[in-house]
Amino acid sequence: MQIPTMSELQAVVETEIRPVLQMHRGDITLTELKDGILHFRLTGGCAGCPSAWLTAEELVKAPLMEQFPVLRDVVADTQIDDTLIQLAKQVLNGTFQPER
């Protein structure tokens, strides 16, 4: 079996993963596919969430590994998301306006 392309992986993300994440004001970015290992980053409301590890395992890794068993692993990139940095700056400088 052949390693899937990023576009094949992205198609599964679009239909099965992203809609669930967006219900929680989050999102996902696939960052790299190398040697059968897919790296991704949780963004928006999912970045830095205490349950992010569970989200990564159950909502991201599980469906991708099921659809593409040839993948060696699906790994969360834990760098701080740029959106979260911008939000922190807004909070610190007093310009943050929560959505209602």
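What you are looking at is a predicted structure, and each value in this text was computed from that prediction instead of being measured.

## Quick notes on the pairing of strand β3 (residues 73–76)
Okay, so step 1: Relative to β3, strand β2 (residues 37–44) is paired through four bridges, and the arrangement is parallel. Bridge pairing links L38 to V74 in β3.
Okay, so step 2: Between the parallel elements β2 and β3, the chain passes through helix α2 (residues 52–67) in a crossover that is right-handed.

## Concerning the layout of surface pockets
Okay, so step 1: By volume, the largest pocket amounts to about 280 Å³.
Okay, so step 2: Around the largest pocket sit 11 residues that line it, and R25, T83, L87, F96 and E99 are the ones nearest its centre.
Okay, so step 3: Tallied by class, residues from the lining of the largest pocket come to four nonpolar, five polar and two charged.

## Looking at a nonpolar patch on the surface
Okay, so step 1: Taken together, the side chains of L87, V91 and F96 make up a nonpolar region of the molecular surface, amounting to roughly 240 Å² of accessible area.
Okay, so step 2: Of note, L87 is situated in helix α3 (residues 82–93).
Okay, so step 3: When its relative accessible area of 33% is taken as the criterion, L87 is described as partly exposed.

## Focus: the side chain of R41
Okay, so step 1: Tracing the chain through its elements places R41 in strand β2.
Okay, so step 2: Its relative accessible area of 17% is what places R41 among the buried residues.
Okay, so step 3: Engagement of the side chain of R41 in a polar contact is seen with the side chain of D77, the distance being 2.9 Å.

## Quick notes on the side chain of T55
Okay, so step 1: Among the secondary structure elements, T55 is positioned in helix α2.
Okay, so step 2: For T55, a relative accessible area of 15% corresponds to the buried category.
Okay, so step 3: The contacts of T55, once residues within four sequence positions are left out, are L21, L42 and V60.

## Re the pairing of β2
Okay, so step 1: Burial runs high along β2: six of the eight residues are buried.
Okay, so step 2: For strand β1 (residues 26–34) and β2, the ladder comprises eight bridges, and the chain directions are antiparallel. In the strand pairing of β2, G26 is matched with G44.
Okay, so step 3: Between β1 and β2, which pair antiparallel and follow one another directly, the connecting turn spans two residues, one of which, D35, has a positive phi of 55°.

## Some points on the environment of M1
Okay, so step 1: Relative to the helices and strands, M1 resides in the segment before α1 (6–22).
Okay, so step 2: A residue is classified by how much of its surface remains accessible, and M1, at 82% relative accessible area, is exposed.
Okay, so step 3: As for M1 and Q97, which are separated by 96 residues in sequence, their C-alpha atoms are 49 Å apart.
Okay, so step 4: Setting aside chain neighbours within four positions, we find M1 in contact with P69 and V70.

Reading the values: the criteria
Residues numbered from 1 in each chain as written. Predicted model: local features only at pLDDT ≥ 70, side-chain atom pairs only at ≥ 80, totals over all residues. Heavy atoms only, no water. Pairing = 2+ DSSP bridges. Helix = DSSP H or I, 4+ residues; strand = E, 2+ residues; numbered from the N terminus. Right-handed = clockwise from strand over helix to strand, strands pointing away. 1 Å grid on protein atoms, 1.4 Å probe; cavity = no way out; pocket = protein on both sides within 12 Å on 5 of 7 lines; lining within 4 Å. Points joined across faces, edges and corners; volume = space filled by probe spheres on them. Nonpolar A, V, L, I, M, F, W, Y, C, P; charged D, E, K, R; others polar. Patch = residues over 30% accessible without salt bridge, like charges linked within 9 Å, V, L, I, M, F, W, Y side chains within 5 Å. Areas by Shrake-Rupley, 256 points an atom, 1.4 Å probe, with all protein chains shown as cover. Salt bridge = Lys/Arg side-chain N within 4 Å of Asp/Glu carboxyl O. Buried < 20%, exposed > 50% of the residue type's maximum accessible area, 1.4 Å probe, protein only. Polar contact = N/O pair within 3.5 Å; in protein donor to acceptor, adjacent residues only side chain to side chain. Contact = heavy atoms within 4.5 Å.

By themselves these figures say nothing about function.
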